[in-house]
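Structural characterization, general
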Amino acid sequence: MIPAAFDYKVAESAEHAISLLAEHGDEAKLLAGGHSLIPMMRFRLAAPGVLVDVGRLDDLRYIRRSNGTVAIGALTRHSDLEHSAELAQACPMLSSVAALVGDPAVRHRGTLGGTIAHADPASDLPAAVLALGATIVARGPGGSREIAATNFFTGYFESVLADDEMITEIRVPADDGGWNYQKFNRRAQDWAIVGVAVASGGTGVSLVNMGSTPMRASAVEAAVYSGASAAEAAAVAAEGLAPPTDLNADSDYRSHLARVLTRRALNAAGVS
Amino acid sequence: MTVTESAPAAHVGSRRLRKEDPALLTGEAKFIDDLDLPGAVWVGVVRSTEAHARIVNIDGSAALAIDGVNEVLTGEDLAPLWGEGALPCAWPVTSDMKTPTHLPVARGTAKYVGDAVAVVLADSRYAAADGAAAVVVDYEPLDAVVEIADAVADGAPLVHPDLETNECYTWGLWGDNAAAVDAAFASADHVVTEQYLQQRLIPAPMEPRGCAAVPSPAGGELTLYSATQIPHILKVMTSVVLGIGENKLRVVAPSVGGGFGCKLNVYAEEILCCALAQQRGAPVRWTEGRAEAAVSTIQGRGQVQHIELAADAEGRLQAVRVKLLADMGAYLQLVTPGVPLLGGFLYHGCYHIPNYIFECKAVFTNRVPTDAYRGAGRPEATYAIERAMDSLAAAVGVAPEEIRSRNFIKAEDFPYESPPGLVFDSGDYHAVLDKAVSLANVAGRRAQAAQRRAAGSTKRIGVGFSSYVEMCGLAPSRVLASLAYGAGGWEAATVRISPTCKVQVVTGSTPHGQGHETCWSMIVADKLGVDPDDVEVLHSDTAVSPTGLDTYGSRSLSVGGTAVFMAADKVIDKARAIAAHQLEANEDDLEFSGGVFRVRGTPEAEVPLAGVAFAAFTAHDLPEGMEPNLEAHVTYDPPNFTFPNGTHIAVVEVDTETGNVELIDYVAVDDCGVQINPLIVEGQVHGGILQGAAQALYEDAVYNSDGQLVTANLADYLVPSAVEAPRYRLESHVSPSPTNPMGVKGVGEAGTIASAPAVMNAVVDALRDLGVNNVEMPASPQTVWKAISSAQGGAS
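Residues numbered from 1 in each chain as written. Chains lettered and ligands numbered in written order. Predicted model: local features only at pLDDT ≥ 70, side-chain atom pairs only at ≥ 80, totals over all residues. Heavy atoms only, no water.

Along chain B, the regular secondary structure elements total 21 helices and 28 strands. The principal-axis extents of the C-alpha atoms in chain B amount to approximately 90 × 70 × 50 Å. The 796 residues of chain B split such that 61% are buried. Looking at chain B alone, contacts between residues at least 24 apart form 80% of all its contacts between residues at least 6 apart. Split by element, the accessible area of chain B, about 27600 Å² in all, is 50% carbon and sulfur. (Helix = DSSP H or I, 4+ residues; strand = E, 2+ residues; numbered from the N terminus. Buried < 20%, exposed > 50% of the residue type's maximum accessible area, 1.4 Å probe, protein only. Contact = heavy atoms within 4.5 Å. Areas by Shrake-Rupley, 256 points an atom, 1.4 Å probe, with all protein chains shown as cover.)

Glancing now at the sheet that holds strand E7 (residues 143-148) of chain A. Residue and element names in this part refer to chain A. Read from one edge to the other, the open sheet built from 5 strands follows the order E4-E5-E10-E6-E7, with strand pairing classed as antiparallel. A single partner strand is all that each edge strand has here, and the edge strands are strand E4 (63-66) and E7. Mean inter-strand twist for the sheet, computed between neighbouring axes without regard to direction, equals 25°. For strand E6 (residues 135-140) and strand E10 (residues 166-173), the ladder comprises 5 bridges, and the chain directions are antiparallel. Bridge assignment links Ile136 to a residue of E10, and that residue is Ile170. Each of E6 and E10 is contacted by helix H1 (residues 14-24), which is oriented at about 65° to E6, the strand it contacts most. (Pairing = 2+ DSSP bridges. Axes fitted to C-alpha atoms, helices over the stretch in contact; angles between N-to-C directions.)

Of the residues lining the interface, 24 residues belong to chain A; the matching set on chain B comes to 35 residues. For the pairing of chain A and chain B, the buried interface totals around 2300 Å² over both sides, and the portion due to carbon and sulfur atoms is 58%. Put simply, chain A and chain B have 5 salt bridges between them. As a salt-bridge pair, Arg264(A) and Glu657(B) come within 2.7 Å of each other at their nearest N and O atoms. Taken together, chain A and chain B are joined by 14 residue pairs in polar contact (both at pLDDT 80 or more). The element contributing the most residues to the side of chain A that touches chain B is helix H12 (residues 251-268) of chain A, with 6 residues. (Buried area = accessible area lost by both parts, 1.4 Å probe. Salt bridge = Lys/Arg side-chain N within 4 Å of Asp/Glu carboxyl O. Polar contact = N/O pair within 3.5 Å; in protein donor to acceptor, adjacent residues only side chain to side chain.)

This paragraph deals with the packing of aromatic side chains. Aromatic ring pairs are described here by two measures, namely the spacing of the ring centres and the angle between the planes. Residues and elements named next belong to chain B. Applying the stated rule across the entire model yields 17 aromatic pairs over all chains. With centroids separated by 5.7 Å and ring planes inclined at 70°, the aromatic side chains of Phe408 and Tyr429 adopt a geometry described as edge-to-face. With Phe408 in the loop between helix H12 (400-407) and strand E16 (416-417) and Tyr429 in helix H13 (residues 429-439), this residue pair connects regions lying 21 residues apart in the sequence. Aromatic pair Phe641 and Phe643: ring centres 6.4 Å apart, planes at 70°, arrangement edge-to-face. Each member of the pair, Phe641 together with Phe643, is buried. Across from the ring centre of Tyr703, 5.0 Å away, lies the NZ or CZ of Arg367, which sits over that ring. Lying across the ring of Tyr552, Arg555 places its NZ or CZ 5.1 Å from the centre. (Phe/Tyr/Trp six-rings, centres within 6.5 Å; stacked < 30°, edge-to-face > 60°. Lys NZ or Arg CZ within 6 Å of the ring centre and 35° of its normal.)

To continue, consider a negative patch on the surface. All names here are of chain B. Together, Asp573, Glu587, Asp588 and Asp589 line one region of the surface with negative charge. Mapped onto the fold, Asp589 is located in the loop between helix H17 (556-583) and strand E22 (590-593). Judged by its relative accessible area of 37%, Asp589 is partly exposed. (Patch = residues over 30% accessible without salt bridge, like charges linked within 9 Å, V, L, I, M, F, W, Y side chains within 5 Å. Lys, Arg positive; Asp, Glu negative; His and termini not counted. Charge placed at Lys NZ, Arg CZ, Asp CG, Glu CD.)

Residue and element names in this part refer to chain B. Within the largest apolar cluster, 175 residues are counted, with the highest numbers of intra-cluster contacts made by Val43, Tyr169, Ile307, Leu309 and Phe424. Looking at which element gives the most residues to this core, the answer is helix H20 (residues 750-767), with 12 residues. With residues near it in sequence (within four places) discarded, Leu309 still touches Phe185, His190, Val191, Val192, Leu317, Ala319, Val320, Ile385, Ala388, Met389 and Leu392. (Core = buried A, V, L, I, M, F, W, Y, C linked by side-chain atoms within 4.5 Å.)

A word on unusual backbone geometry. Residue and element names in this part refer to chain B. A cis amide bond links Leu474 to the next residue, Ala475, at an omega of -10°. The amide bond that connects Met777 to the next residue, Pro778, takes the cis arrangement and shows omega of -10°. Of note, Pro778 is situated in the loop between H20 and helix H21 (781-791). Here the phi dihedral of Phe260 falls at roughly 55°; this positive angle occurs in a residue that is not glycine. Relative to the helices and strands, Phe260 resides in the loop between strand E11 (249-252) and helix H8 (268-280). For Phe260, a relative accessible area of 30% gives the class partly exposed. A positive phi angle is found at Asn441, which is not glycine, with a value near 50°.

In this section: the side chain of Arg77(A). Residue and element names in this part refer to chain A. Tracing the sequence through the fold places Arg77 in the loop between strand E5 (69-73) and helix H3 (78-83). Of the side chains bearing the opposite charge, Asp58 lies closest to the buried Arg77, which forms no salt bridge; the N-O distance is 5.6 Å. Excluding anything up to four places from it in sequence, Arg77 contacts Gly55, Arg61, Arg107, His108, Arg109, Gly110 and Thr111.

Pairing between the strands of a sheet is mediated by backbone hydrogen bonds and can be parallel or antiparallel. Residue and element names in this part refer to chain B. On the basis of which strands lie adjacent, the open sheet formed by 3 strands has the order E4-E2-E6 and antiparallel pairing. This sheet does not close on itself; its edge strands, each paired only once, are strand E4 (109-110) and strand E6 (136-141). Sheet topology places strand E2 (residues 53-59) next to E4; 2 bridges connect them, and they run antiparallel. Within E4, the position partnered with Ala53 by the bridge is Ala110.

Attention now moves to the pairing of strand E26 (residues 645-655) of chain B. Residues and elements named next belong to chain B. Among the 11 residues that make up E26, 11 are buried, leaving the element largely enclosed by the rest of the structure. Across the two faces of E26 the burial is the same, with Asn645, Thr647, Ile649, Val651, Glu653 and Asp655 and Gly646, His648, Ala650, Val652 and Val654 all buried. As defined by bridge partners, strand E18 (residues 459-469) adjoins E26 across 11 bridges and the pair is classed as antiparallel. Within E26, the position partnered with Ser466 by the bridge is His648. Sheet topology places E26 next to strand E27 (residues 661-671); 10 bridges connect them, and they run antiparallel. Across the sheet, the residue bridging to Glu653 is Glu662, located in E27. Hairpin connection between E26 and E27: a loop of 5 residues separates the two successive antiparallel strands, and Gly659 in this loop has a positive phi of roughly 85°.

As a further point, take a nonpolar patch on the surface. Residue and element names in this part refer to chain A. Together, Met1, Phe43 and Leu45 make up a nonpolar patch on the protein surface, roughly 280 Å² of accessible area in all. Relative to the helices and strands, Phe43 resides in the loop between helix H2 (37-42) and strand E3 (50-53). Classification of Phe43 as partly exposed rests on a relative accessible area of 34%.

This next bit is on H17(B). Look at H17(B): 38 Å from first C-alpha to last across 28 residues, which is about the 40 Å you get at 1.5 Å a residue. Positive backbone phi, at 50°, marks Glu584(B), one or two positions downstream of H17(B). (Expected span 1.5 Å × (residues − 1).)

In this section: the pattern of salt bridges. Residue and element names in this part refer to chain B. Under the criterion given, the structure shown has 53 salt bridges over all chains. The shortest N-O distance in the salt bridge between Arg125 and Asp33 comes to 3.9 Å. Here Asp33 lies in the loop between helix H1 (21-25) and strand E1 (41-47) and Arg125 lies in helix H4 (residues 125-134), a separation of 92 residues in the sequence. Between Glu606 and Arg598 there is a salt bridge whose closest N-O contact spans 3.6 Å. Three or more residues are tied together by salt bridges with common partners; here these are Arg47, Arg209, Glu269, Glu288 and Glu292.

Our next topic: the pairing of strand E24 (residues 602-608) of chain B. For strand E23 (residues 596-599) of chain B and E24(B), the ladder comprises 4 bridges, and the chain directions are antiparallel. When the bridges of E24(B) are listed, Val599(B) appears paired with Thr602(B).

Residues and elements named next belong to chain A. Relative to the helices and strands, Pro48 resides in the loop between H2 and E3. Linking Pro48 and Glu27, residues 21 residues apart in sequence, is a C-alpha distance of 5.4 Å. Apart from residues no more than four positions distant in its own chain, Pro48 is found in contact with Ala5, Phe6, Glu27, Lys29 and Met41.

Residue and element names in this part refer to chain B. Relative orientation of the contacting elements helix H11 (residues 378-396) and H12 amounts to 105°, with a least axis distance of 8 Å. The angle between the axes of H11 and H12 places the two elements in the roughly perpendicular class. Along the contact surface, H11 presents Glu386, Met389, Asp390, Leu392, Ala393 and Val396, while H12 presents Pro400, Ile403, Arg404, Arg406 and Asn407. Taken together, the residues of the contact of H11 with H12 break down into 6 nonpolar, 1 polar and 4 charged. (Parallel < 35°, antiparallel > 145°, perpendicular 65-115°, else oblique. Nonpolar A, V, L, I, M, F, W, Y, C, P; charged D, E, K, R; others polar.)

Structure representation (structure tokens):
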């Protein structure tokens with residue numbers, strides 16, 4: 001439970017962080033809240049040579065609403081999302097999902113940008129931003145680019161983010177449609193065994209821990225769009241998926257849970 | 001002087017806050033890893049990654065290249081340090097028990113994942129960890145015995161080929177009763193046959209283990225600091241294993257962050273650090289990591305239980321027959337073989353049963369050794385009988401509380417001689433059950449459950465009972481002798497009164513979270529008429545408290561606390577003689593209360609204890625031949641165990657669509673005898689209930705078919721948090737134990753013993769009409785969902 005030796009650099013700005021990433025290449029990892037990275041380092045599942053600490057970049061810690069969009073700085077803590085009155089009004093699902101991540105200690109350290117960059121298929125917030133149709137803003141040495149959340153996640157803990165890029169902002173459309181998040185786990189602090197996020201009255205649906213990435217449940221969305229009942233739409237929640245088997249759930253049980261939880265989430269979001 | 005009349009029990013029975021807590025809460029308390037030992041050599045242990053393998057080669061070159069890593073030592077290199085000495089097992093339960101030689105660091109063959117195969121010596125803990133990770137061990141894998149059933153299968157590989165068998169021992173109770181038991185089964189109206197699996201559990205105290213051995217350069221003395229429950233036993237054992245004179249060895253347990261039995265042991269690292277410290281003349285220390293603890297510290301439970309009940313038409317029990325297969329793991333630790341025996345006396349539970357037979361076959365597997373874990377044998381016994389009683393109730397067609405009530409030992413039958421020959425001290429099991437039924441509103445819950453069923457709800461309600469009796473207060477030394485246990489069961493205490501009438505208590509009972517300092521202070525304060533804050537309690541250091549047998553088996557209060565109580569009495573007796581001398585009165589005419597000696601009938605003739613204490617100190621005018629000072633020592637050997645008991649009722653809501661189980665109510669009525677501090681009693685019961693419920697719902701040390709522990713971290717091994725805790729509703733029933741003068745019984749293990757079967761019975765109760773008659777622990781959502789699916793004939 002002691003990590004391998006590493007160097008530690010404090011980033012003074014996003015530009016500084018990106019230049020440190022460019023300098024150290026794939027040896028470097030960004031450190032934000034650290035609640036995913038540091039446990040992996042302690043188990044020696046990750047052994048970055050250099051940690052670039054972006055945790056003090058408070059100018060990337062904000063929630064701003066303008067017109068129909070909420071812009072959230074990448075260093076915004078889960079607890080900020082959880083307790084933001086503005087977010088609760090503009091995009092209550094995101095606020096509510098943030099309140100279910102880990103435990104209070106995790107939520108006070110963990111950041112929205114960090115959890116998205118980590119790309120854990122079992123995490124709550126990546127699936128939430130997927131269902132909401134968010135846009136992720138990444139900055140690299142050549143400037144910023146916008147990536148649709150649906151195009152962001154590419155594999156198990158993998159994304160389109162380049163080694164020298166960092167997420168600076170997440171833009172979420174304000175959403176006053178019906179929403180719900182079903183998180184199924186055994187202990188409150190655990191990752192979801194299966195989770196289902198429903199946004200925009202059922203036209204944005206995503207799944208947690210049902211594959212190698214957080215994913216949109218396109219078949220469910222299409223069914224809802226074409227007027228299917230919640231039960232009918234939920235029946236296709238696991239169609240074509242090969243969910244993982246682990247200690248808590250085998251593949252069949254995960255598929256079953258996905259169907260049950262999707263139906264419940266759709267019902268709660270107002271799809272009858 | 002005015003004397004305020006104080007009640008005899010001013011403090012005992014009150015919810016006094018713990019005097020231990022300020023130091024713990026402010027971080028002032030020092031745990032093993034807080035010790036500052038300049039120049040210490042840090043040990044990193046290289047552990048086997050194979051369940052069973054020949055060690056072909058150990059290459060330390062990469063480790064030695066790391067800055068701060070100084071040596072890499074193999075089992076061969078270290079062998080001269082302990083010669084023929086091996087880690088001790090103090091409980092040879094049968095004369096023909098097979099005991100494998102258990103070296104602190106393996107030579108030749110590794111027997112389980114986690115087995116120490118080499119050590120790294122380094123300048124820091126970090127370098128030790130880096131070094132241990134860099135040692136390359138070349139293994140030739142051998143066939144491994146992983147599950148209990150594999151150990152006794154035909155042609156099973158042998159964990160210890162030199163023993164020529166995987167069977168460690170077979171131990172039975174009341175074997176000559178077999179014919180009567182068979183006859184009872186032959187004529188029974190109802191026979192219940194059940195098999196349960198007690199999964200292995202990882203103890204996971206908040207503080208993992210750790211130790212540091214510090215030699216004294218001049219005199220050859222050695223001090224061993226260890227996060228242990230048993231400094232006294234550890235001292236004797238270390239002395240024996242390493243041949244260090246007991247006069248040269250001191251063992252200190254600093255603040256210890258919980259143990260649950262896993263620190264009731266003599267571990268390889270303790271022996272290793274002592275041996276190296278002696279050899280090097282420098283402090284040698286080791287601190288366990290959390291993931292390391294999962295494979296290097298003993299695990300609990302690990303049994304396959306086969307239980308049969310024979311009953312008449314009304315469900316009255318005629319016989320109980322029990323066969324266990326118990327998993328010892330790869331080696332025998334300090335009391336590994338004895339754990340199933342502690343349950344062996346109690347598989348008939350709280351019930352009067354004419355015929356009883358028990359047999360345990362213990363086997364070796366290629367897994368980390370098992371040993372005592374909170375309850376040690378008794379949770380397993382309670383689980384089997386209480387689950388089987390619900391099956392009997394279903395077979396007879398009566399409610400679970402009715403089947404229990406029909407079979408309970410009656411209040412008027414105490415003291416009650418149990419079939420295996422124990423004498424249960426006191427209790428009123430019917431009164432306890434009635435109180436629990438009423439507190440849990442069982443009728444209301446059943447109506448709610450019926451409503452939900454009728455409405456086709458997917459949220460089923462289940463009500464589960466567990467009535468338990470445990471044997472605590474380990475133990476009468478003569479009984480331990482008859483069980484071939486390697487030590488006695490007494491406890492020692494000293495009470496000293498200083499010249500200014502402050503009190504020093506020295507106890508041989510070693511706290512690691514229980515609150516001894518608070519409770520011993522309350523007992524002595526009431527006895528002597530002083531303030532509890534004027535009592536200091538010394539413990540956990542063999543230089544300060546040289547005599548003791550430490551803390552396990554809910555023994556502290558009923559044995560150690562009784563010794564303190566009796567030592568206080570003995571001090572009062574001496575003080576009384578001095579007071580009589582001062583007052584020129586006859587000792588028999590003196591009464592002592594509120595800290596003052598008075599001559600009966602002569603109110604003005606009195607002397608406070610403080611006056612006596614100072615007189616005893618100056619010794620200017622003591623009775624002829626009396627030694628100065630007020631001090632008394634008592635070693636108390638209990639005449640019997642104590643038998644706490646109770647009934648717990650769990651209420652669960654089971655989601656039949658997902659299999660999720662939620663504990664929505666939990667009622668416990670416990671009879672732990674007289675309570676010294678109800679606040680501490682409740683804390684023990686709360687934690688105990690959750691620890692048992694954790695076995696029922698969450699915790700499982702899962703091994704894959706290669707013998708790899710796949711739950712070696714706290715993300716995969718599900719220790720529940722406060723969020724998962726049920727709402728506890730506790731009441732108590734007090735039937736004082738006649739075994740000791742305070743009437744106390746013990747409460748450290750009660751919650752854990754009672755709660756697993758209560759929760760599992762509730763789960764089955766919720767699902768029985770769906771055809772589910774058993775669910776294995778832990779009742780994870782997937783396990784419950786599959787049990788429902790398979791009972792419904794669906795694919796699971």
